[in-house]
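The primary structure of each chain is shown beneath.
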Amino acid sequence: GQSLEQPSEVTAVEGAIVQINCTYQTSGFYGLSWYQQHDGGAPTFLSYNGLDGLEETGRFSSFLSRSDSYGYLLLQELQMKDSASYFCAAFSGGYNKLIFGAGTRLAVHP
Amino acid sequence: ETGVTQTPRHLVMGMTNKKSLKCEQHLGHNAMYWYKQSAKKPLELMFVYNFKEQTENNSVPSRFSPECPNSSHLFLHLHTLQPEDSALYLCASSQVPGGDSYEQYFGPGTRLTVT
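Numbers given for residues are sequential positions, taken from 1 along each chain in its written order. The naming scheme follows written order: chains are lettered A onward, ligands numbered 1 onward. For a predicted model such as this one, the threshold for reporting local features is a pLDDT of at least 70, and the threshold for listing and counting side-chain atom pairs is 80 or more; totals across whole chains, interfaces and linings nevertheless cover every residue. Side-chain descriptors were evaluated using all non-hydrogen atoms of the structure, hydrogens and water having been removed beforehand.

Participant: Quick question: what am I supposed to make of the sheet that holds strand S3 (residues 18-25) of chain B here?
Facilitator: Sheets are built from strands that pair by backbone hydrogen bonding, the pairs being arranged parallel or antiparallel. All names here are of chain B. The pairing criterion is simple: DSSP has to find at least two bridges between the two strands. Only DSSP runs of H or I reaching four residues or more are called helices, and only runs of E reaching two or more are called strands; each is numbered from the N terminus. Judged by pairing direction, the sheet is antiparallel, and its 4 strands sit side by side in the order S1-S3-S8-S7 without closing on themselves. Of all the strands in the sheet, just strand S1 (4-7) and strand S7 (64-70) have a single pairing partner and so form its edges. Direction aside, the axes of adjacent strands within the sheet are offset by 20° on average. With 4 bridges joining them, S1 and S3 adopt antiparallel strand pairing. Each bridged residue has a counterpart across the sheet, and for Thr5 the counterpart in S3 is Glu24. Axis definition: a line fitted to C-alpha atoms, over the contacting stretch in the case of helices. Angles run 0 to 180 degrees between N-to-C directions.

The structure is reproduced here in structure tokens:
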């Protein structure tokens, strides 16, 4: 079957750095995306990796290793507003089919 | 209106009712999606439409019936649902192929409760 595994919960303090890992098993893998979802809100896009390596967007970075079927989201200079659920998602067999992980709930404390 | 809108935001229905969820995207995208989000489970892709044509049905029970009359509107018709169908139903849109952006834009969702 197709699946993405990520930790269910992560806790960190303001100003810290946190890394959320994601391993995937999907057929016809095209690339890995990351989404953020606040409680009661809609998922919003954070980043996409189609090739191996690091993509940086402000305080957030995302990494992909196709050979290891692994990626991560790195959040730096954590703020209270970063408390949310973070989902990795893989395009499978095309750019229409996005398979999501179960999400990692990040709690940022003062 | 901007982005992706969904109505209603909340819906309570009995197992014998028939109701419809509506989604509208104002982004000029060519693909639209229905997802189901249940507590502590991954978002589940239900249906995909490209240029109004259904290209993906992820083994969804027939009590869920999608309709895409044009590239801006998407409906999900519901009938004889089960309590386990209670969930947040999210609509999304994107431009495919991805080009420089692979982002899917999500609506706020419809919180469905089946009694």
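Participant: What should I look at first to understand the packing of aromatic side chains in this one?
Facilitator: Centre distance and the angle of the planes are the two values used to describe a pair of aromatic rings. In this scheme Phe, Tyr and Trp rings, the latter by its six-membered ring, pair at centre separations within 6.5 Å, and the angle between planes marks the pair as stacked below 30 degrees, edge-to-face above 60, and tilted otherwise. Under the criterion given, the structure shown has 19 aromatic pairs over all chains. Seen from their ring centres, A:Tyr35 and A:Phe100 are 5.6 Å apart, and the 55° between their planes marks the pair as tilted. Linking A:Tyr35 in strand S4 (residues 29-37) with A:Phe100 in strand S10 (residues 98-100), this pair joins segments that are 65 residues apart in sequence. Note on accessibility: A:Tyr35 and A:Phe100 belong to one class, buried. Site record: aromatic cluster; members linked through ring pairs are A:Tyr35, A:Phe45, A:Phe87, A:Phe100, B:Tyr33, B:Tyr35 and B:Phe106. Only protein chains enter the accessibility calculation, which uses a 1.4 Å probe; a residue whose area is less than 20% of its type maximum is buried, one above 50% is exposed, and one in between is partly exposed.

Participant: Please clarify how the interface of chain A and chain B should be interpreted in this entry.
Facilitator: A common way to state how big an interface is: give the accessible area lost once the parts meet. Listed by partner, the interface residues are 15 residues for chain A and 22 residues for chain B. Put simply, buried area is the surface a 1.4 Å probe can reach on two separate parts but cannot reach once they are joined, added for both. Interface area for chain A against chain B, summed over the two sides, is near 1600 Å², with a carbon-plus-sulfur share of 60%. A per-residue breakdown of the area chain A buries against chain B is headed by A:Tyr95, A:Asn96 and A:Phe100, which together make up 36% of the total. Whenever a carboxyl oxygen of Asp or Glu lies within 4 Å of a side-chain nitrogen of Lys or Arg, that contact is scored as a salt bridge. Summed over the shared surface of chain A and chain B, the number is 1 salt bridge. In this structure, B:Glu56 and A:Lys97 form a salt bridge, with 3.3 Å as the shortest nitrogen-oxygen distance. Two N or O atoms form a polar contact when they lie within 3.5 Å of each other; inside protein one atom must be a possible hydrogen donor and the other a possible acceptor, and for residues adjacent in sequence the pair counts only when both atoms belong to side chains. At the surface where chain A touches chain B, the tally comes to 5 residue pairs in polar contact (both at pLDDT 80 or more). Elements that contribute at least two residues to the side of chain A that touches chain B include exactly S4, strand S5 (44-49), strand S9 (84-92) and S10 of chain A. Each residue is assigned to one of three groups, with Ala, Val, Leu, Ile, Met, Phe, Trp, Tyr, Cys and Pro labelled nonpolar, Asp, Glu, Lys and Arg labelled charged, and all others, Gly among them, labelled polar. Classifying every residue of the side of chain A that touches chain B by side-chain character gives 11 nonpolar, 3 polar and 1 charged. Here a residue-residue contact requires only that any non-hydrogen atoms of the pair lie within 4.5 Å.

Participant: Sorry, what's going on with the pairing of strand S2 (residues 10-13) of chain B here?
Facilitator: Residues in a regular strand project their side chains so that they alternate between the two faces of the sheet. Residue and element names in this part refer to chain B. Residues Leu11 and Met13 point to one face of S2 and are all buried, whereas His10 and Val12, pointing to the other face, are not buried. Relative to strand S11 (residues 110-114), S2 is paired through 4 bridges, and the arrangement is parallel. Across the sheet, His10 pairs through a bridge with Arg111, a residue of S11.

Participant: What am I meant to see in unusual backbone geometry here?
Facilitator: Excluding glycine, a negative phi dihedral is what most residues carry, and trans is how most peptide bonds are arranged. Residues and elements named next belong to chain B. With an omega of -10°, the peptide bond between Thr7 and Pro8 qualifies as cis. Structurally, Pro8 can be placed in the loop between S1 and S2. One non-glycine residue, Ser59, lies in the positive phi region at around 55°. Inspection of the secondary structure assignment puts Ser59 in the loop between strand S6 (53-57) and S7. A positive phi is found at Thr80, a non-glycine position, where the angle reads about 45°. Position of Thr80 among the secondary structure elements: in the loop between strand S8 (73-79) and strand S9 (87-94).

Participant: Can you help me understand the state of the cysteines in this one?
Facilitator: Disulfides are covalent bonds that link the sulfur atoms of two cysteine residues. Residues and elements named next belong to chain A. What counts as a disulfide here is a pair of cysteine sulfur atoms lying within 2.5 Å. Using the criterion set out here, one finds 2 disulfides over all chains in the structure. Between the sulfur atoms of Cys22 and its disulfide mate Cys88 the distance is 2.1 Å. Across the S-S bond linking Cys22 and Cys88, the dihedral sits near 75°, which makes this disulfide right-handed. Of this pair, Cys22 sits in strand S3 (residues 18-25) while Cys88 sits in strand S9, and the two are 66 residues apart along the sequence.

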